[in-house]
Amino acid sequence: MFSKILIANRGEIAVRIIKTCRRMGIKTVQVYSEADAGSLAVEMADEAVLIGPAPAAQSYLLADKIVEAVRQTGAQAVHPGFGFLSENAGFARRLRDEGIAFIGPNPEAIEAMGDKISSKKLAAEAGVSTVPGHMGLIETPEEAVKIANEIGYPIMIKASAGGGGKGIRVAHSDADMAEGFAAVKAEALNAFGDDRVFLEKFIIDPRHIEIQVLGDKHGHVVHLFERECSIQRRNQKVIEEAPSPLLDEATRAAMGAQAVALAQAVNYDSAGTVEFVAGQDKSFYFLEMNTRLQVEHPVTELITGVDLVEQMIRSAWGEKLAFEQKDLKIDGWAIESRIYAEDPYRGFLPSIGRLVRYEQPEEGDQGDYTVRNDSGVREGDEISLFYDPMIAKLCAWGETREDAVTGMARALEDTHLSGLGHNVPFLAAVMDQDRFKSGELSTSYIKDEFPDGFNGLRPTVEQERILIASALAMHEVIAEQDGDPSDRTDWIVMIDKTPHGVGLSYDEDEEMILTLTGGGDIRLSDIDWRPGLAQFKAELDGEPFTAEVKRVADGFDIRHRAAKARVRVLRPHVAELYARLPEKAVADTSKMVLSPMPGLVVSIPVVVGQEVKTGETVAIIEAMKMQNILKAERDGVVKAVGAKDGDPVAADDVLVEFG
């Protein structure tokens, strides 16, 4: 077995690989950029080597730097993780030529499957169902529009070398196609160094289901069942689960057999994923094959008990698979939520900055569910503009899907982050939705359920009780500490502008009894909070909960899952005065185009004095390797332009102002 492995990646996947290597008794070398000098992965690895400045193109994407680090440290193999050089056949071939093991598939398999166009042809030859489309190269927007009309809209525009949700657009018209084609080519060239684009029919109301495969160098290939990855935004997976609530045994077996057949056709010899687009009728079509470890691999590990990183290492060493297809079984259900540094209240735009606070849920067996949290950052770390904004992959396993959903919701409650925007409230909202609980999913789920964007959810009756009880309990703790306890038994608890009458008493065990006007009694026990803590934990009528809390001048800001509110504990006569306070006027920014995120200006194609129509592009901002096109929301004449090409901008900087 290898004695030392170099990890050519960063963040949570580097930490994940290090954990398996430690268990196997293998030493690790972590390469890092200047931006990652103080990272968790660098701290955990046995050795670390600086390979360049923060931009990936000057560090993690430089094969020369990786090979030099291997030679410098005496590592015998390279694990590429995902992204960066993980699907670069040239890199894998170079390592092989230099006598360095690549912990991934052979370069010929990467080459065959890495090109989206040739991979579809190979899939068809292997008897795999494929989506109608145009697999030939397309040079101009005009040619793309012509082909699109032959196939029929809607059409998916995809970068041939794409991955990770980048280099993808859906066109519904000729105008969409012309603009989207140019944008995808630009993104593809920037992200992958390859601007080739192809088109395929977009399946209406589709589901995204993928099969995990695993092969060795002796011709053996198995599949480890499926993952459902239909909850997506901007073609980026957000929530994944295994198995899929759609599939029956027959469909599962058919998809697995096709995935194995494709892997065998290219002599696949490591972990890989065959992705399918599936109809609600259980029809399915080959989408692409990812010749690497997937971000969402933990859910497969949780339901099969197989460590995929370990199996990749053993395959690269030349070992045969220690199990056959008949040995693999599905045990329980697992869900993964990707926690991103992005602001769901601002259209899921990237958010960068320092992770001021990061409290993670307890991992392991929690009774009815099990928690796993794969994270590459710690409290105090910086979330950089230069890389993917993922903070963690939070997973919950349960005996049933209902147990897993319940466990995930509780694990999200126990997660607290501050210092930057994050999507935990959104993830919690999905867990609480009846549609998600029913398993009726599609890739349009987020657009369907949140057509006007995400603004949180109104508190349910149960959540109102949590907000009331938490606020009143914190009010009492603070009063006691201040030496000013009140003997009042009647309070008005305002949730935003809505008053709730509450009677307060204590039982013989000093547990709080709250009598709600018209709502009966509730009991609050096992309170775990003191001033300064960001989480309030307790049991409400015997059910545990965690709320995110912040003390403010006139009360508390409290969030429970996707419901958040300003909550005040007031004497009845003071509550009457609060009800009369006027609403604060919102600043008028209707004549401005603001940068929705920190990033770099790619272009501002308008000038002062220019007449602009609604829907015209006025700015393109790049952040987290994605280009964001900003369009005018009204007709007008440009009064001022606040930035130029190449400028760094912060969130809410004025880019264009209309007269």
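Reference entry: report on the structure contained in this document.

Definitions and limits used
- Residues numbered from 1 in each chain as written.
- Predicted model: local features only at pLDDT ≥ 70, side-chain atom pairs only at ≥ 80, totals over all residues.
- Heavy atoms only, no water.
- Pairing = 2+ DSSP bridges.
- Helix = DSSP H or I, 4+ residues; strand = E, 2+ residues; numbered from the N terminus.
- Axes fitted to C-alpha atoms, helices over the stretch in contact; angles between N-to-C directions.
- Contact = heavy atoms within 4.5 Å.
- Buried < 20%, exposed > 50% of the residue type's maximum accessible area, 1.4 Å probe, protein only.
- Arc of directions from axis to C-beta.
- Core = buried A, V, L, I, M, F, W, Y, C linked by side-chain atoms within 4.5 Å.
- Salt bridge = Lys/Arg side-chain N within 4 Å of Asp/Glu carboxyl O.

### Looking at the sheet that holds strand 38 (residues 636-641)
The pairing of strands in a sheet happens through backbone hydrogen bonds and is either parallel or antiparallel.
Then step 1. Here 4 strands make up an open sheet; going across it, the order is 33-40-38-35 and the pairing antiparallel. At either end of the open sheet lies a strand with only one pairing partner, and these are strand 33 (592-594) and strand 35 (611-612).
Then step 2. Summarising the sheet, strand 35 and strand 38 pair through 2 bridges and their orientation is antiparallel. Residue pairing in the sheet places Glu611 in a bridge with Val637 of strand 38.

### A short note on the sheet that holds strand 25 (residues 490-495)
Then step 1. In space, the 8 strands of this closed barrel follow the order 25-26-27-28-29-30-31-32, with antiparallel pairing throughout. The average angle at which neighbouring strand axes cross in this sheet is 35°, direction not considered.
Then step 2. Note that strand 25 and strand 32 (residues 563-570) share 4 bridges and pair antiparallel. Bridging from a neighbouring strand, Ile492 pairs with Leu570 of strand 32.
Then step 3. Against the sheet, helix 16 (residues 461-481) contacts strand 25, strand 26 (498-506), strand 27 (512-516), strand 28 (520-528), strand 29 (535-540), strand 30 (543-552), strand 31 (555-560) and strand 32, and its axis sits at roughly 140° relative to strand 31.

### Some thoughts on the pairing of strand 30
Then step 1. Relative to strand 30, strand 29 is paired through 6 bridges, and the arrangement is antiparallel. By the bridge assignment, Glu539 is partnered in strand 30 with Pro544.
Then step 2. One ladder, built from 5 bridges, connects strand 30 with strand 31; its direction is antiparallel. Considered in strand 31, the bridge of Glu548 is made with Arg559.
Then step 3. Counting the residues that bridge the hairpin from strand 30 to strand 31 gives 2 residues.

### Topic: helix 6 (residues 116-125)
Then step 1. Among all positions of helix 6, only Lys116, Ile117, Ser119, Lys120 and Ala123 are buried. Down the axis of helix 6, the smallest arc covering the buried residues is 165°, so these residues share one side.

### Considerations on the nonpolar core
Then step 1. In this structure, Ile239, Ile335, Ile391, Phe426, Met431 and Phe436 are the most contacted members of the largest nonpolar core, which totals 40 residues.
Then step 2. Listed by contribution, the elements that provide at least two residues to this core are strand 12 (236-242), strand 15 (333-340), strand 23 (390-398), helix 12 (401-413), helix 13 (424-432) and helix 15 (445-449).
Then step 3. At 7 residues, the largest contribution of residues to this core is made by helix 13.
Then step 4. With residues up to four places along the chain from it excluded, the contact list for Ile239 reads Glu228, Cys229, Ile231, Ile335, Glu336, Ser337, Leu427, Val430, Met431 and Phe436.

### Brief notes about the environment of Asp434
Then step 1. With respect to the secondary-structure elements, Asp434 resides in helix 14 (residues 434-438).
Then step 2. On the accessibility criterion, Asp434 (65% relative accessible area) is exposed.
Then step 3. Sequence-wise, Asp434 and Ala565 are 131 residues apart; in three dimensions their C-alpha atoms are separated by 23 Å.

### Overview of unusual backbone geometry
Then step 1. In this structure, the amide linkage connecting Tyr153 to the following residue, Pro154, adopts the cis form with an omega of 0°.
Then step 2. Along the polypeptide, Pro154 turns up in the loop between helix 7 (141-151) and strand 7 (155-163).
Then step 3. Along the chain, Ala242 connects to Pro243 via a cis peptide bond; the corresponding omega equals -5°.
Then step 4. Mapped onto the fold, Pro243 is located in the loop between strand 12 and helix 9 (249-265).
Then step 5. Of note, Arg561 is a non-glycine position whose phi angle comes to about 55°, a positive value.
Then step 6. Residue position: Arg561 is located in the loop between strand 31 and strand 32.
Then step 7. Overall, Arg561 belongs to the buried group, its relative accessible area being 16%.

### Focus on the side chain of Ser119
Then step 1. Structurally, Ser119 is set in helix 6.
Then step 2. Among the residues examined, Ser119 registers a relative accessible area of 0% and is labelled buried.
Then step 3. Once residues within four sequence positions are removed from consideration, Ser119 is found in contact with Ala112, Met113 and Phe286.

### Regarding the pattern of salt bridges
Then step 1. A complete count under the given rule lists 56 salt bridges for this structure.
Then step 2. Across the pair Glu296 and Lys237 runs a salt bridge whose closest N-O atoms are separated by 2.7 Å. Placement of the pair is Glu296 in the loop between strand 14 (284-290) and helix 10 (297-304) and Lys237 in strand 12, with a sequence separation of 59 residues. Grouping residues by exposure puts Glu296 and Lys237 together as buried.
Then step 3. Close ionic contact of Arg410 with Glu413 constitutes a salt bridge, the shortest N to O distance being 2.8 Å. Here Glu413 and Arg410 lie together in helix 12, a separation of 3 residues that amounts to about one turn.
Then step 4. The class for Arg410 is buried, based on a relative accessible area of 14%.
Then step 5. With a relative accessible area of 7%, Glu413 lands in the buried category.
Then step 6. When salt bridges that share partners are traced, they join Arg16, Arg23, Glu301, Asp307, Glu310, Arg314, Glu319, Arg372 and Asp374 into one network.

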